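Residue-level listing of the chains:
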Amino acid sequence: IFYFSYFSYCLMITGVGLALFLRERKQFYHYVSVCSFVFYVCYTIYIFLPVVGPRIYYRELVDFDLPPDVIPSVVPEFPASVQTGPFFKIMAVIYHNFESPGAAFPSSHVAIALVTVYFSFRYLRRIRWVHLVLALLLCLSTVYCRYHYAVDVFAGALTTAALMPLGNWLYRRFGANSSSASAS
């Protein structure tokens, strides 16, 4: 369940975006604008604060060799039952091939998942409670699955709390008029 919850991040971003695109373009433009804003702020933080999460210790997740003197004396292994799970394998492929090792604080997975929850509560009310539960499981899974430390999760939630009002304000100030003009 935790690995599926973590994987559901991809489904949240594309699912909410696709639903809003098909439903109402103005809502879609709002969604894309605010998500992009939060992503860009997280990526800017990663440039100046290249923090590495606990996944750096696991060759199953990262193709990166650490110097022996920085590897902890005991690195707990993933249980065999976890390693055989389909979502563990999917996430291992994604992290091994597409993720940067120095992008953990704040957790953009948590930040963006919470942004998508905001939009489901605002525009997609039928899925809001299921979406919220899945996002909360994602927050727990980031630590349980060893992708982030707990502080990264809290920072991701705080990032969303701080940036959502600003992103909405920026959209109303600069994007709302231009998106309606481009939609027609």
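Coordinates for the structure precede this section.
Below you will find a few notes about this structure. These numbers come from a predicted model, not from an experiment.

### Focus: the layout of surface pockets
Then comes step 1: Here the second largest pocket is characterised by a volume of approximately 150 Å³.
Then comes step 2: Forming the walls of the second largest pocket are Ser-8, Leu-11, Met-12, Gly-15, Val-16, Ala-19, Leu-124, Ile-127, Val-130, His-131 and Leu-134.
Then comes step 3: Secondary structure elements with two or more residues in the lining of the second largest pocket: helix H1 (2–23) and helix H6 (128–144).
Then comes step 4: Element by element, the count of residues in the lining of the second largest pocket is highest for H1, at 6 residues.

### So, the packing of H1 against H6
Then comes step 1: For the pair H1 and H6, the least separation of the axes is 8 Å and the interaxial angle reads 130 degrees. By the criterion of interaxial angle, the relationship of H1 to H6 is oblique. In terms of crossing hand, the pair formed by H1 and H6 is left-handed. Contacts from Phe-2, Phe-4, Ser-5, Tyr-6, Ser-8, Tyr-9, Met-12 and Val-16 of H1 reach H6 at His-131, Leu-134, Ala-135, Leu-137, Leu-138, Leu-140, Ser-141, Thr-142 and Tyr-144.
Then comes step 2: Its residues assigned to classes, the contact of H1 with H6 shows 12 nonpolar, 5 polar and no charged.

### As for the nonpolar core
Then comes step 1: Leu-20, Val-38, Val-115 and Phe-119 are the most contacted members of the largest nonpolar core, which has 28 residues in total.
Then comes step 2: Broken down by secondary-structure element, the contributors of at least two residues to this core are H1, helix H2 (25–48), helix H5 (108–123), H6 and helix H7 (150–183).
Then comes step 3: For this core, the element with the most residues is H5, which contributes 9 residues.
Then comes step 4: One finds Tyr-3, Met-91, Cys-145 and Tyr-147 within the second-largest nonpolar core, a separate group that totals 6 residues.

### Considerations on H1
Then comes step 1: If you check H1, its first and last C-alpha atoms are 30 Å apart, about what 22 residues at 1.5 Å a residue would give, namely 32 Å.
Then comes step 2: The sharpest bend along H1 reaches about 30 degrees and sits at Cys-10.
Then comes step 3: The complete set of buried residues in H1 reads Tyr-3, Ser-5, Tyr-6, Phe-7, Ser-8, Tyr-9, Met-12, Val-16, Gly-17 and Leu-20.

### Thoughts on a nonpolar patch on the surface
Then comes step 1: Taken together, the side chains of Leu-18, Phe-21 and Leu-22 define a hydrophobic patch exposed on the protein surface, amounting to about 310 Å² of accessible area.
Then comes step 2: When you line up the elements, Phe-21 lands in helix H1.
Then comes step 3: Residue classification places Phe-21 among the partly exposed positions, given a relative accessible area of 31%.

Rules used throughout
Residues numbered from 1 in each chain as written. Predicted model: local features only at pLDDT ≥ 70, side-chain atom pairs only at ≥ 80, totals over all residues. Heavy atoms only, no water. 1 Å grid on protein atoms, 1.4 Å probe; cavity = no way out; pocket = protein on both sides within 12 Å on 5 of 7 lines; lining within 4 Å. Points joined across faces, edges and corners; volume = space filled by probe spheres on them. Helix = DSSP H or I, 4+ residues; strand = E, 2+ residues; numbered from the N terminus. Axes fitted to C-alpha atoms, helices over the stretch in contact; angles between N-to-C directions. Parallel < 35°, antiparallel > 145°, perpendicular 65-115°, else oblique. Left-handed = near helix turned anticlockwise from the far one by under 90°. Contact = heavy atoms within 4.5 Å. Nonpolar A, V, L, I, M, F, W, Y, C, P; charged D, E, K, R; others polar. Core = buried A, V, L, I, M, F, W, Y, C linked by side-chain atoms within 4.5 Å. Buried < 20%, exposed > 50% of the residue type's maximum accessible area, 1.4 Å probe, protein only. Expected span 1.5 Å × (residues − 1). Bend = angle between axes of the 7 residues up to and from the residue. Patch = residues over 30% accessible without salt bridge, like charges linked within 9 Å, V, L, I, M, F, W, Y side chains within 5 Å. Areas by Shrake-Rupley, 256 points an atom, 1.4 Å probe, with all protein chains shown as cover. Salt bridge = Lys/Arg side-chain N within 4 Å of Asp/Glu carboxyl O.

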